[in-house]
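The lines below spell out each chain.
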Amino acid sequence: MSKPAYITDQDILKKITPADAIRITKQAFVDYEAKRNKMPEKIYLDLPEYNGDFRAMPAYVPRYNIAGIKWVNSHKENPALGLPSVMATLLINNPKTGELIAMMDATALTCLRTGAVGAIATELLTKIENPNIAFIGCGKQAEYQLKCIQEVKKINHINVYDRSNNQSEIFAKNIKHNLGELRIRESVKAACQTANIIITTTPGTKAIVMKDDIPERCLIIAIGADAEGKQELDHSIIMDATLIVDDITQASHSGELNTAITLKKIKRNNISATLGDLLSGKKITDNNRIVVDSTGLAIQDLALAGFYLSKV
Ligand SMILES: NC(=O)c1ccc[n+]([C@@H]2O[C@H](COP(=O)([O-])OP(=O)(O)OC[C@H]3O[C@@H](n4cnc5c(N)ncnc54)[C@H](O)[C@@H]3O)[C@@H](O)[C@H]2O)c1
């Protein structure tokens, strides 16, 4: 039995570009839709005493002949301690024998595959060539949403809002050179008013984006809510938007839609399609507002890990 490889975030970032992440994530959604992958439900270990949680995310991805599990946390107070809010590790096994093939840092990989979902949603669901984008929350996931979306659209302008002005400034400083115009805004409404695409990446547990804050027509990519009880959008937005999810079961119990479903404001069958459906050719009827609820799937993580291993 050979010694398992240890792969770092730096290794991943050297070998997987945002364009790779988008291509591989698309393929993973299509394979999942065609039932070529296996993915049991995520398991949550809640630690409210530390304002955080852990998730265990297993999957089998035959395309790369790997099985494995991601162990990932979400601790929203971490940035004050100088740590990322979300950190992850992946174990990759041979599905035939169970042999451990690799241990991987999966923090960067999580950002890449989550950013890829934003880019895929943008490509599929907005026809606007040069969209205006509002970022609500300017942390790590926002950074990668932007990196990936720039692969599929030339952005006209960006408005950002974060409850920490310091964080908005760090975000603006780090990414400004890529873009024409970026403005730091003092409220959600000011950030969203001219937006064609609104991307929410906060760890909130109550609505921060209200219906009055957003234009009549827009695409909202809701990333932050990825556990039971989390929420970023007011239910009134969800109740009359076209709803697209990465996975119906996960979105219903732990995505942006979870609180609206629990309170019976919407039902699971209000969901119009998954991203895999759309990538496989399903059409949706036009609606002014579309909400994409991303919860993050283990099949995406394993697919990117498999792609990495196929390159080394
Ligand atoms: N859907 C997915 O696949 C997926 C993947 C990774 C992370 N997440 C989730 O995304 C969220 C953000 O993760 P991150 O790694 O970017 O964290 P982060 O700590 O790097 O960034 C979060 C940002 O949101 C800001 N913020 C918090 N509350 C706010 C509010 N009320 N209004 C405006 N800004 C606010 C913070 O100041 C911070 O800058 C977490 O909830 C995490 O669990 C989801």
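Keep in mind the model is a prediction, meaning the values are calculated, not measured. (Residues numbered from 1 in each chain as written. Predicted model: local features only at pLDDT ≥ 70, side-chain atom pairs only at ≥ 80, totals over all residues. Heavy atoms only, no water.)

Trainee: Even after reading the chapter, I still don't get the overall build of the protein chain, so can you show me in this structure?
Mentor: Secondary structure summary: the protein chain contains eleven helices and 16 strands in total. Here the C-alpha atoms of the protein chain give a radius of gyration of 18 Å, agreeing with the 20 Å that 2.2 N^0.38 yields for 312 residues. Expressed as lengths along the three principal axes of its C-alpha atoms, the size of the protein chain is roughly 60 × 45 × 40 Å. In the protein chain, 69% of the contacts between residues at least 6 apart in sequence involve partners at least 24 apart. (Helix = DSSP H or I, 4+ residues; strand = E, 2+ residues; numbered from the N terminus. Rg over C-alpha atoms; globule rule 2.2 N^0.38 Å. Contact = heavy atoms within 4.5 Å.)

Trainee: What should I look at first to understand the site of the ligand in this one?
Mentor: Residues in contact with the ligand amount to 26 residues; listed here are only the nearest, Ser 74, Ser 85, Asp 162, Asp 226 and Lys 230. Here Ser 294 contributes a backbone N or O atom positioned 2.9 Å from a nitrogen atom of the ligand. Protein coverage of the free-state accessible area of the ligand, which is 860 Å², stands at 91%. At the level of elements, α3 (107–125) and α4 (140–152) are the ones that each hand at least two residues to the shell around the ligand. A class-by-class count of the residues in the shell around the ligand yields seven nonpolar, 13 polar and six charged. When residues of the shell around the ligand are assigned to domains, at least three fall in each of domain 1 (5–109 + 299–311) and domain 2 (121–296). (Near = heavy atom within 4 Å. Polar contact = N/O pair within 3.5 Å; in protein donor to acceptor, adjacent residues only side chain to side chain. Areas by Shrake-Rupley, 256 points an atom, 1.4 Å probe, with all protein chains shown as cover. Nonpolar A, V, L, I, M, F, W, Y, C, P; charged D, E, K, R; others polar. Domains from an automatic or database assignment.)

Trainee: Would you take a moment to explain the sheet that holds strand β8 (residues 157–161) for this structure?
Mentor: Note on sheets: strands pair through backbone hydrogen bonds, and any given pair is parallel or antiparallel. Ordered in space as β9-β8-β7-β10-β12-β16-β14-β15, the eight strands form an open sheet in which the pairing is parallel. Both edges of this open sheet fall to β9 (181–184) and β15 (271–274), since each of them pairs with a single strand only. Strand-to-strand twist of the sheet, defined as the mean angle between neighbouring strand axes without regard to direction, takes the value 20°. Here strand β10 (residues 197–200) pairs with strand β12 (residues 218–222) via four bridges, running parallel. By the bridge assignment, Ile 198 is partnered in β12 with Ile 220. (Pairing = 2+ DSSP bridges. Axes fitted to C-alpha atoms, helices over the stretch in contact; angles between N-to-C directions.)

Trainee: In this structure, what is going on with the side chain of Thr 114? I would like to understand it.
Mentor: Tracing the chain through its elements places Thr 114 in helix α3. Excluding its chain neighbours within four sequence positions, the residues that come into contact with Thr 114 are Gln 141, Gln 145 and Ile 223.

Trainee: Which parts of the structure should I look at to understand the sheet that holds strand β1 (residues 5–7)?
Mentor: Read across the sheet, six strands follow the order β1-β6-β5-β4-β3-β2 without closing on themselves; strand pairing throughout is mixed. Looking at which strands have only one partner, the edges of the open sheet turn out to be β1 and β2 (43–47). Taking the axes of each pair of neighbouring strands and ignoring which way they run, one obtains an average angle of 15° across the sheet. Looking at chain direction, β2 and strand β3 (residues 52–61) are connected through five bridges and run antiparallel.

Trainee: Mind showing me how you'd approach the domain arrangement of the protein chain here?
Mentor: Split by domain assignment, the protein chain resolves into domain 1 (5–109 + 299–311) and domain 2 (121–296). Distance between the C-alpha centres of domain 1 and domain 2: 22 Å. Contacts between the two partners involve 20 residues from domain 1 and, on the opposite side, 25 residues from domain 2. Between domain 1 and domain 2, the buried area comes to about 1,900 Å², and carbon and sulfur atoms account for 57% of it. It is Phe 29, Glu 33 and Lys 42 that lose the most area in domain 1 upon contact with domain 2, and together they represent 25% of the buried surface on that side. (Buried area = accessible area lost by both parts, 1.4 Å probe.)

Trainee: What should I look at first to understand the pairing of strand β7 (residues 133–136) in this one?
Mentor: Where a strand is regular, its side chains alternate between the two sheet faces. Of the two faces of β7, the one holding Ile 133 and Phe 135 and the one holding Ala 134 and Ile 136 are both buried throughout. Two elements, β7 and β10, share four bridges in a ladder whose sense is parallel. Looking at the pairing, Ala 134 lines up with Ile 198 of β10. Of the strand pairs in this sheet, β7 and β8 are connected by four bridges, and their pairing is parallel. Of the residues in β8, the one forming a bridge with Ala 134 is Asn 159. With α4 bridging β7 and the parallel β8, this β-α-β connection has right-handed handedness. (Buried < 20%, exposed > 50% of the residue type's maximum accessible area, 1.4 Å probe, protein only. Right-handed = clockwise from strand over helix to strand, strands pointing away.)

Trainee: So what exactly am I meant to see when it comes to helix α5 (residues 165–175) here?
Mentor: At 3.6 residues per turn, the α-helix brings residues three or four places apart onto the same side. Residues of α5 that are buried: Ser 168, Phe 171, Ala 172 and Ile 175. Burial along α5 is one-sided: seen end-on, the buried residues are contained in an arc of 95°. Every exposed residue of α5 that faces more than 90 degrees away from the buried side is listed here: Asn 166 and Lys 173. (Arc of directions from axis to C-beta.)

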